Amino acid sequence: MHIFHSNQIFNLELGGKLPAIDIAYHTFGNPNHDLSNVVWVCHALTADSNVADWWPHTVEYGAFLDPEKYFIICANILGSHYGSTGPLSINPETDKPWYSTFPKLTINDMVEAHRLLASHLGIGPIHALVGSSVGGFQALEWAAMEPQRFSKLIIIATDAKASPWTIAIDETQRMAIKADPTFGHDSPSAGMAGMAAARAIGLLTYRGSDGYNRTQQDNSSLPTTHRAASYQQYQGLKLCRRYNAYSYMTILDAFDTHDIGRNNGGSTRKALASINAETIVVGISSDIIFPPADMKKLAQAIPSAQYAEISSDFGHDGFLVEHKRLNQILTPFINS
């Protein structure tokens, strides 16, 4: 992992500011002589910049993120817990962690941090921009912001604007975190029980009924603990071991600001029509967060976009699970 530190004041879309920022990032492969083989990956909610770790069998020889062909970059988003400036970082003006005083972010702010890092690395045109879920939010906003910068755009299980449905999912998770009486304390462990519950709520929408019914059946007719119940408990605790409630809340809040039409005269259609990159939109058959019907509409609104669909029982998480099918779809697209 690399860290880029900027001492410049980083102004935020909602009026706040960060006196300085760190951006953590990973790279895979090597740049060619003219930097024409850059692929930029935008990560999702609680992932990090190490794409090869959280997106199995995509960053390897023959996969669509082939490090023998491409110079792959992924930056940890602002507000996250994996090296970039976030709520547990030290506020240089107080010499204490930000905690609950960390300023509100938008998806646009995350994109501006990507642009700052790209400038630092001397990267101009980018061969392909890739984003799934919240990473897709970032990719769409960036592609509309700088339509001439990208040759190809790969969008997976996402949308051009946070819908009332997705905002309601986020709010339910926020309610769980705020119900934890420790949330708001100046401590890295504040709100952990609430975040565990929030994660369990989120998982229901990531997988849906088909995914649970396929993988969490009980092994006996009258178990003392249901397998699905223990799975929910485990997943909540698993996130608590690696994340914090302040970062989780920050990114949920930023998720809800997503609207690529906001800086295009309020027109989502106009913003999507401005995208110049050759685009592929990938939907997942059982995704209840970003249903295939919505993904098809997204593809129809982007000039020269094509639509592909992955058949999967694993809902929104299908983009993490169905790597074989994903590579079959995206490898010829990115290499063409």
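What this report covers is the structure whose coordinates are included nearby. (Residues numbered from 1 in each chain as written. Predicted model: local features only at pLDDT ≥ 70, side-chain atom pairs only at ≥ 80, totals over all residues. Heavy atoms only, no water.)

**Focus: the layout of surface pockets**
Phase 1: Of the volumes computed, that of the largest pocket is approximately 810 Å³.
Phase 2: Taken together, 32 residues line the largest pocket, and the ones lying closest to its centre are Thr 46, Arg 199, Arg 242, Asp 317 and Leu 320.
Phase 3: Of all elements in the fold, only α1 (51-54), α4 (164-178), α5 (192-215), α6 (227-242), α7 (245-255) and α10 (318-321) reach the threshold of two or more residues within the lining of the largest pocket. (1 Å grid on protein atoms, 1.4 Å probe; cavity = no way out; pocket = protein on both sides within 12 Å on 5 of 7 lines; lining within 4 Å. Points joined across faces, edges and corners; volume = space filled by probe spheres on them. Helix = DSSP H or I, 4+ residues; strand = E, 2+ residues; numbered from the N terminus.)

**Notes on the nonpolar core**
Phase 1: Counting 75 residues, the largest nonpolar core has Trp 40 and Tyr 248 as the members making the most contacts within it.
Phase 2: Once you skip the residues sitting within four places of it in the chain, Tyr 248 turns out to touch Leu 45, Thr 46, Gln 173, Ile 177, Met 195, Ala 198, Arg 199, Tyr 206, Leu 239 and Tyr 243.
Phase 3: Residues Val 39, Val 41, Trp 55 and Tyr 70 belong to the second largest nonpolar core, which totals 29 residues. (Core = buried A, V, L, I, M, F, W, Y, C linked by side-chain atoms within 4.5 Å. Buried < 20%, exposed > 50% of the residue type's maximum accessible area, 1.4 Å probe, protein only. Contact = heavy atoms within 4.5 Å.)

**Some thoughts on the packing of aromatic side chains**
Phase 1: Following the criterion strictly, the structure yields 13 aromatic pairs and no others.
Phase 2: Summarising the aromatic geometry, the rings of Tyr 82 and Tyr 243 are spaced 5.7 Å apart at their centres and angled 50° between planes, so their arrangement reads as tilted. With Tyr 82 in the loop between β6 (71-75) and β7 (90-91) and Tyr 243 in the loop between α6 and α7, this pair connects stretches of sequence that are 161 residues apart.
Phase 3: Residue Tyr 82 is classed as buried on the basis of its relative accessible area, which comes to 19%.
Phase 4: On the basis of relative accessible area, Tyr 243 is assigned to the buried category, the value being 3%.
Phase 5: Consider the rings of Tyr 243 and Tyr 248, whose centres lie 6.4 Å apart with planes at 85°: the pair is edge-to-face.
Phase 6: Overall, Tyr 248 belongs to the buried group, its relative accessible area being 1%. (Phe/Tyr/Trp six-rings, centres within 6.5 Å; stacked < 30°, edge-to-face > 60°.)

**Remarks on the pattern of salt bridges**
Phase 1: For the structure shown, the criterion picks out 11 salt bridges.
Phase 2: Here Asp 256 ties to Arg 174 by a salt bridge, and the two come within 2.6 Å at their closest N and O atoms. Taken together, the positions of Asp 256 in the loop between α7 and α8 (268-273) and Arg 174 in helix α4 put the pair 82 residues apart, joining distant regions of the chain. For the pair formed by Asp 256 and Arg 174, the shared burial category is buried.
Phase 3: The shortest N-O distance in the salt bridge between Arg 214 and Asp 313 comes to 3.2 Å. Of this pair, Arg 214 sits in helix α5 while Asp 313 sits in the loop between β12 (305-310) and α10; the two residues are 99 residues apart in sequence, bridging distant segments of the chain.
Phase 4: The exposure class assigned to Asp 313 is partly exposed, which follows from its relative accessible area of 33%.
Phase 5: A single salt-bridge network, built from bridges that share partners, covers Lys 104, Glu 171, Arg 174, Asp 253 and Asp 256. (Salt bridge = Lys/Arg side-chain N within 4 Å of Asp/Glu carboxyl O.)

**Quick notes on the environment of Lys 238**
Phase 1: Here Lys 238 lies in helix α6.
Phase 2: The exposure class of Lys 238 is partly exposed, given its relative accessible area of 37%.
Phase 3: With 211 residues separating them in the primary sequence, Lys 238 and Thr 27 have C-alpha atoms 26 Å apart.

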